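Listed below are the residues making up each chain.
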Amino acid sequence: MTDRSDGPIGRLPEHLLVEIFIHLPVGEWVQIACVNKQWADIFQGDCLWQTAIARNWPSAGLRKRWPGPIPRGSARRRFQALYISENLVPSGGEIDELVGHTYLYLKEQLERPAMPPSSILHGTIIDQFIACGKTGEKAHDLASKIWLAVIDGLEENEQTFLLLKHLAREGEFFLPFPYSRSYKVLWRVFDKLFTDFRDCFSGADYHDALSTAKSRFQPVPSTWLGH
């Protein structure tokens, strides 16, 4: 996109620019913010994000803040959380802002150089949902969906390969329900390793990972076999 700062649109007041921007596809916002400094500042501020939340999710501003370790954060982060809840994490049509914030929290924690044990992350997520009034069963279901959505959204690069290997090696801890981690999540970790990242394994690493998988799943899929 070219610099429009000297044209008619560049002379519009900020509140009109905000109204224009929020009606454009979200996927174009990064490009729009790069046009000039004024537009970049608009996307850095809270006004655009608050307006976008009010337009897309009018009831979001009426919800009370929740207790627990996962905060709501800025208007921009709230928009991201609401967008994720609506588009990335299946929730039966219900838009739950906390689901989006939990997705962001888990993704950020998994990307840290010194990642906390996944059992600690999982327990934090379960505690957060229970603190907000979810039943143990609902908390377990939501946590599993969020783990799966985050794992599926990871880029195919070396960092993701190392992360998935780490998660596979961590194993399972014998924790009571609802803190027990989903079978589906561990399965997805191994499935991505043996399908998306098969060529990244050395021979010894592959056989070690396959041995670990066989100790947890019987039988293993034929697509996991053969390095």
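Below: a short report on this structure. (Residues numbered from 1 in each chain as written. Predicted model: local features only at pLDDT ≥ 70, side-chain atom pairs only at ≥ 80, totals over all residues. Heavy atoms only, no water.)

Here we come to unusual backbone geometry. Between Phe177 and the following residue, Pro178, the backbone shows a cis peptide bond with an omega angle of 10°. Tracing the backbone shows Pro178 in the loop between helix H9 (158-170) and helix H10 (183-195). The amide bond that connects Gln218 to the next residue, Pro219, takes the cis arrangement and shows omega of -10°. Relative to the assigned elements, Pro219 resides in the segment after helix H11 (203-216). (Helix = DSSP H or I, 4+ residues; strand = E, 2+ residues; numbered from the N terminus.)

A word on the nonpolar core. Within the largest apolar cluster, 47 residues are counted, with the highest numbers of intra-cluster contacts made by Leu106, Leu110, Phe129, Ile146, Trp147, Phe190 and Phe194. Those elements giving two or more residues to this core turn out to be helix H5 (75-87), helix H6 (97-110), helix H7 (118-131), helix H8 (136-153), H9, H10 and H11. Of the residues forming this core, the biggest block, nine residues, is contributed by H8. Those residues in contact with Phe190 that lie beyond four places of it in its chain are Ala168, Ala209, Thr212, Ala213, Arg216, Phe217 and Trp224. Leu17, Val35, Trp39 and Ala75 belong to the second largest nonpolar core, which has 20 residues in total. (Core = buried A, V, L, I, M, F, W, Y, C linked by side-chain atoms within 4.5 Å. Buried < 20%, exposed > 50% of the residue type's maximum accessible area, 1.4 Å probe, protein only. Contact = heavy atoms within 4.5 Å.)

This part is about the packing of helix H1 (residues 14-21) against helix H4 (residues 47-56). Pairs of packed helices are described in terms of their axes, by the angle between the two and the distance that separates them. As a packed pair, H1 and H4 sit with axes 10 Å apart at the nearest point and diverge in direction by 50°. In terms of orientation, H1 lies oblique with respect to H4. Crossing angle aside, the handedness with which H1 passes H4 is right-handed. For the pair H1 and H4, the contacting residues are Val18, Glu19 and Phe21 in the first and Cys47, Leu48, Thr51 and Arg55 in the second. Tallied by class, the residues present in the contact of H1 with H4 amount to four nonpolar, one polar and two charged. (Axes fitted to C-alpha atoms, helices over the stretch in contact; angles between N-to-C directions. Parallel < 35°, antiparallel > 145°, perpendicular 65-115°, else oblique. Left-handed = near helix turned anticlockwise from the far one by under 90°. Nonpolar A, V, L, I, M, F, W, Y, C, P; charged D, E, K, R; others polar.)

Let us look at the packing of aromatic side chains. Across all of its chains, the model carries 23 aromatic pairs by this definition. Note on Phe21 and Phe43: the rings are 5.4 Å apart at their centroids and 25° apart in plane angle, and the pair reads as stacked. On the criterion of sequence distance, the pair formed by Phe21 in helix H1 and Phe43 in helix H3 (residues 37-44) is long-range, its members being 22 residues apart. On the numbers, 5.3 Å between centres and 40° between planes, the contact of Phe194 with Trp224 is tilted. A residue pair is termed long-range when its members are at least 10 positions apart, and Phe194 in helix H10 and Trp224 in the segment after H11 qualify at 30 residues. By the burial criterion, Phe194 is buried, and Trp224 matches it. Grouping aromatic residues by their ring pairs yields a cluster made of Phe161, Tyr183, Trp187, Phe190, Phe194, Phe197, Phe201, Tyr206, Phe217 and Trp224. The ring of Trp66 carries Arg72 above its face, with NZ or CZ at 6.0 Å from the centroid. (Phe/Tyr/Trp six-rings, centres within 6.5 Å; stacked < 30°, edge-to-face > 60°. Lys NZ or Arg CZ within 6 Å of the ring centre and 35° of its normal.)

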